[in-house]
Amino acid sequence: MISKKMEKALNKQINLELYSAYIYAAMAADFDAKNLPGFAQWMKAQTQEEVAHAMKFYGYVNEAGGRVVLDAIEKPPASYASPLKAFEASLKHERVVTKSIYHLVDLAKEESDHATSVFLQWYVAEQVEEEAHADAILQRLKMVGEAGHGILMIDRELGQRQSAPAPGGEED
Ligand code: FEO
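Right, let's walk through the structure included here. Small disclaimer: the values here were computed from a predicted structure and weren't measured.

1. As for helix 5 (residues 148-158)
(1) Moving on: Every buried residue of helix 5 is accounted for by Gly 150, Ile 151, Ile 154, Asp 155 and Leu 158. End-on, the buried residues of helix 5 take up no more than an arc of 140 degrees, which puts them together on one face. Summarising the geometry of helix 5, the exposed residues directed more than 90 degrees from the buried face are His 149 and Arg 156.
(2) Moving on: Tucked into the core, helix 5 has its buried residues touching helix 2 (37-63), helix 3 (83-110) and helix 4 (114-144).

2. Here's the deal with unusual backbone geometry
(1) Moving on: Even without glycine at this site, Asn 35 takes up a positive phi of about 55 degrees.
(2) Moving on: With respect to the element layout, Asn 35 can be found in the loop between helix 1 (4-33) and helix 2.
(3) Moving on: What makes Asn 35 exposed here is its relative accessible area of 63%.
(4) Moving on: Backbone geometry places Ser 112, a non-glycine residue, at a positive phi of 50 degrees.
(5) Moving on: Topologically, Ser 112 is positioned in the loop between helix 3 and helix 4.

3. A few points about the nonpolar core
(1) Moving on: Core analysis: the largest hydrophobic core is formed by 44 residues, its most contacted members being Phe 31, Phe 39, Phe 57 and Phe 87.
(2) Moving on: Those elements that place two or more of their residues in this core are helix 1, helix 2, helix 3, helix 4 and helix 5.
(3) Moving on: Looking at this core element by element, the count peaks at 11 residues for helix 1.
(4) Moving on: The contacts of Phe 31, once residues within four sequence positions are left out, are Leu 36, Phe 39, Ala 40, Met 43, Pro 83, Ala 86 and Phe 87.

4. Some details on the packing of aromatic side chains
(1) Moving on: According to the stated counting rule, one finds 8 aromatic pairs in the structure shown.
(2) Moving on: The interplanar angle of 25 degrees and the centroid separation of 4.1 Å between the aromatic rings of Phe 57 and Tyr 123 together place this pair among those described as stacked. Placement of the pair is Phe 57 in helix 2 and Tyr 123 in helix 4, with a sequence separation of 66 residues. Pair check on accessibility: Phe 57 and Tyr 123 agree, each one buried.
(3) Moving on: Pairwise contacts between aromatic rings join Phe 57, Tyr 60, Phe 119, Trp 122 and Tyr 123 into one cluster.
(4) Moving on: The residue whose ring lies beneath Arg 161 is Trp 42, and the NZ or CZ to ring-centre distance is 4.4 Å.

5. With respect to the environment of Asn 15
(1) Moving on: Assignment of secondary structure puts Asn 15 in helix 1.
(2) Moving on: Between the C-alpha atom of Asn 15 and that of Ala 81, which follows or precedes it by 66 residues, the distance is 27 Å.
(3) Moving on: Setting aside its immediate chain neighbours within four residues, Asn 15 contacts Asp 71, Ala 72 and Ile 73.
(4) Moving on: Among the polar contacts made by the side chain of Asn 15, one reaches the main-chain carbonyl oxygen of Ala 72 at a distance of 2.9 Å.

About the thresholds
- Residues numbered from 1 in each chain as written.
- Predicted model: local features only at pLDDT ≥ 70, side-chain atom pairs only at ≥ 80, totals over all residues.
- Heavy atoms only, no water.
- Buried < 20%, exposed > 50% of the residue type's maximum accessible area, 1.4 Å probe, protein only.
- Helix = DSSP H or I, 4+ residues; strand = E, 2+ residues; numbered from the N terminus.
- Arc of directions from axis to C-beta.
- Contact = heavy atoms within 4.5 Å.
- Core = buried A, V, L, I, M, F, W, Y, C linked by side-chain atoms within 4.5 Å.
- Phe/Tyr/Trp six-rings, centres within 6.5 Å; stacked < 30°, edge-to-face > 60°.
- Lys NZ or Arg CZ within 6 Å of the ring centre and 35° of its normal.
- Polar contact = N/O pair within 3.5 Å; in protein donor to acceptor, adjacent residues only side chain to side chain.

Here it is, written out as structure tokens:
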């Protein structure tokens, strides 16, 4: 059974994951509006992944005897000056999420809540990937600069991203 303090912190994380989904959905819409379907597809897959992250927390809170309470989701930015700016924002956001996961890990340790500590390890590893993916694309965007040809090449490539299977359950 999780503490009230942990329940509140995990509910806050659900909100942050759903906000992440909202940010990426807004980025997808911006890319669609700018005729960059590959970038948009990548962001749509990322949106689904974030919803899955939120629902994995949701499942855990319930299982651990807590109560899921959903809060309002902040409005995300609607547009970015360039794909580079969008991926800069994405990497910055993922670093915020990583910090938030680390705070949860610290709280679980403080409370000797071993079950939640174990549960959170999946997210610790996932955040390494999240940051690495955003950074890899960002570095390539820096390499090609504003050149239309390079952007279109990356757009084609990113369009091949499939939605990841939901974390947790049988796929783990
Ligand atoms: Fe769920 Fe991108 O962190």
